[in-house]
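Breakdown of the fold
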Amino acid sequence: MSAFPSILEGIKDLELGHIKALLRRTNDLKSGQPPRLPLQKTLAVATSFLENSTRTKLSFAMAIMRIGGYHIDFHAESSSLKKGESLEQTLLTLKYQGVDICIIRTNESHLLDQFREYPPIKIINGGDGINQHPTQALLDLYTLQDHFGGLKNIKGKTISIVGDCIHSRVTHSLTDLLPQFGVNVLLCGPDFFIPEEMPAGVNRVTSLDEAIEQSDAIYLLRVQTERHDKSISDKLKNYQQEWGLTFDRFRKHSKVLPVFHPGPANIGIEVEQDIVNSEIWMAHKQVQNSVFVRMAIIEAMINNEDHHIGSQYKKIPGDISERIRNT
Ligand code: ASP
């Protein structure tokens, strides 16, 4: 297995071995084992959320605290980014101040691609546009296998992701992740929310009833209006009747299923209050587990001895005065 990546942008940055190791370490950390950090190292982690967040940012803050690190919250709005400084120079500034990892959220998909070749600092993607949200998918996988009694028990299970799949970075990470563990993923929602191309192991069902019938778990999504144009909002008038999950729906099929949600949930739209108040609502478990999963991710990244972080090796080679003379 290769070293844990220094840039965790998406699920595809991780090998199967990394993912299994993260799940095992999450169990250890949850059961109270101490974090493993490099000796004599003060861990400093920055969060830079250029888009709104409650759960992800606070759970990272808790994870940093529990692992014994220092947390710096970088406010883009009051920073030199507003004076025209590039994100790369900002991240290099954090690195030279001694920050080890920066967790970045942005509304721009693939913003982090630019740092792949020359990482200015170790980076964890906290959600980029509609592209990826790897730490959410990992905590979902952890919670799913925990619910079903272990990784081997989720092989062959079916989970339906219901709603605004196309604008959901969580869906894009889940569809990269879950099939690796033998989980069948069904996408379900109005046509305009379902991508035309599906990754291997991912299929489509056309109604919520079909999804309930065929699934062992349901994963609800928020309608992500901030990513829509007007043409979509006009088509959402009957969303709650058609796609909203209620106990009445389950009654029709004489079954209830665990219901996952990445949050924030719009209660009364994609899910009714009674479900949120019941024991089938898994979102609180997802939030609880998120802290330990993120501890495991930070620990794995801090222990990768990547000495190429920072732009030292991006410098123009050769003697500068020589170059000036020759040009
Ligand atoms: N919290 C998740 C995200 O950041 C889901 C959502 O916003 O609906 O993508």
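Here, the structure is the one placed above.
Below or above, wherever it landed, is the structure these notes cover.

About the thresholds
- Residues numbered from 1 in each chain as written.
- Predicted model: local features only at pLDDT ≥ 70, side-chain atom pairs only at ≥ 80, totals over all residues.
- Heavy atoms only, no water.
- Helix = DSSP H or I, 4+ residues; strand = E, 2+ residues; numbered from the N terminus.
- Buried < 20%, exposed > 50% of the residue type's maximum accessible area, 1.4 Å probe, protein only.
- Polar contact = N/O pair within 3.5 Å; in protein donor to acceptor, adjacent residues only side chain to side chain.
- Pairing = 2+ DSSP bridges.
- Right-handed = clockwise from strand over helix to strand, strands pointing away.
- Salt bridge = Lys/Arg side-chain N within 4 Å of Asp/Glu carboxyl O.
- Near = heavy atom within 4 Å.
- Areas by Shrake-Rupley, 256 points an atom, 1.4 Å probe, with all protein chains shown as cover.
- Nonpolar A, V, L, I, M, F, W, Y, C, P; charged D, E, K, R; others polar.

**Thoughts on the environment of S53**
Relative to the elements of secondary structure, S53 occurs in the loop between β2 (44-49) and α2 (55-67). Here S53 falls in the partly exposed class, since its relative accessible area comes to 25%. For the pair formed by S53 and P264, sequence separation is 211 residues and the distance between their alpha carbons is 9.1 Å. Here K57 takes part through its backbone nitrogen, which lies 3.1 Å from a polar atom of the side chain of S53.

**Observations regarding the pairing of strand β6 (residues 158-162)**
The element β6 is extensively covered by neighbouring structure, given that five of its five residues are classed as buried. Because side chains alternate across β6, one face comprises the buried residues T158, S160 and V162, and the other comprises I159 and I161, equally buried. Pairing geometry for β6 and strand β7 (residues 184-188), over five bridges, is parallel. Bridge pairing links V162 to C188 in β7. The parallel pair β6 and β7 is bridged by helix α5 (residues 169-177), and the resulting crossover is right-handed. In the sheet, β6 pairs with strand β9 (residues 217-220) via four bridges, with the strands oriented parallel.

**Structural notes on the pattern of salt bridges**
Across all of its chains, the model carries 15 salt bridges by this definition. The salt bridge partner of D73 is K57, with a shortest N-O separation of 2.9 Å. Linking D73 in strand β3 (residues 70-73) with K57 in helix α2, this pair joins segments that are 16 residues apart in sequence. Of the charged contacts in the structure, one is a salt bridge between D248 and R251, with a shortest N-O distance of 2.4 Å. One end of the pair is D248 and the other is R251, both in helix α9 (residues 247-252) and three residues apart, which spans about a single turn. No difference in accessibility class separates D248 from R251, as the two residues are exposed. Through salt bridges that share partners, E9, D13 and R116 make up one connected network.

**Some remarks on the site of the ligand**
Taken together, the residues surrounding the ligand are R105, H133, R169, V170, R222, P262, G263 and P264. A distance of 2.7 Å separates an oxygen atom of the ligand from a polar atom in the side chain of R222. Here a nitrogen atom of the ligand sits 2.8 Å away from a polar atom, N or O, in the main chain of G263. For the ligand, the accessible surface in isolation is 260 Å², of which the surrounding protein chains cover 91%. Split into classes, the residues belonging to the shell around the ligand amount to three nonpolar, two polar and three charged.

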